[in-house]
Amino acid sequence: MYFRFRRESHCWKTDTFVIAVIEFFHPKSGHGTDLLKFLVKIADKYEISRIGIEQTNEESSVFAEKFGFINFQRDCWIVNIAELKIQFKL
């Protein structure tokens, strides 16, 4: 896993928690969903407004689409925390 936070770049603002690289040994077992729920729960405390995923492959792109992420740049996806709160009923 490789995450970035509070680091502005050409495509990410400082209030975006970026999942730069992640790999699960047991895909489709709920670990990615649990990670998103955890990030949503701590978002207010750390002033996170968005979650980004970069360097996606086919599986992670499908995961991103499932949770309402928008593909805004090649292999880069983003979603607002507010949208995930609604989706997870948090």
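Residues numbered from 1 in each chain as written. Predicted model: local features only at pLDDT ≥ 70, side-chain atom pairs only at ≥ 80, totals over all residues. Heavy atoms only, no water.

J.: Account for the overall build of the protein chain, with residues named and values stated.
T.: Scanning the protein chain from N- to C-terminus turns up three helices and five strands. Across the protein chain, helices and strands are ordered from the amino to the carboxyl terminus as β-β-α-β-α-β-β-α. Over its C-alpha trace the protein chain gives a radius of gyration of 12 Å, about what one expects of a compact globule, namely 12 Å for 90 residues. Projecting the C-alpha coordinates of the protein chain onto the three principal axes gives extents of approximately 30 × 30 × 20 Å. Counting only residues that meet the buried cut, the protein chain has 39% of its 90 residues in that class. With an accessible surface of roughly 6200 Å², the protein chain has 53% of that area assigned to carbon and sulfur atoms. Separation between the mean location of the 13 positive side-chain charges and that of the 12 negative ones in the protein chain comes to 5 Å. (Helix = DSSP H or I, 4+ residues; strand = E, 2+ residues; numbered from the N terminus. Rg over C-alpha atoms; globule rule 2.2 N^0.38 Å. Buried < 20%, exposed > 50% of the residue type's maximum accessible area, 1.4 Å probe, protein only. Areas by Shrake-Rupley, 256 points an atom, 1.4 Å probe, with all protein chains shown as cover. Lys, Arg positive; Asp, Glu negative; His and termini not counted. Charge placed at Lys NZ, Arg CZ, Asp CG, Glu CD.)

J.: Account for the side chain of Glu54, naming residues and giving values.
T.: With respect to the helices and strands, the residue Glu54 is situated in strand 3 (residues 50–54). Other than its neighbours up to four places away in sequence, Glu54 contacts Arg4, Trp12, Val18, Ile19, Ala20, Asp75 and Cys76. (Contact = heavy atoms within 4.5 Å.)

J.: Requested: an account of helix 3 (residues 81–88), with residues and values cited.
T.: Among the residues of helix 3, those classed as buried are Ile81, Leu84 and Phe88. Buried residues of helix 3, viewed axially, fall in a sector of 60°; they line one side. In this structure, helix 3 carries Ala82 and Ile86 as exposed residues pointing more than 90 degrees from its buried face. Of the surrounding secondary structure, the elements contacted by the buried residues of helix 3 are helix 1 (31–46), strand 3 and strand 5 (76–80). Phi turns positive one or two residues past the end of helix 3, at Lys89, with a value near 55°. (Arc of directions from axis to C-beta.)

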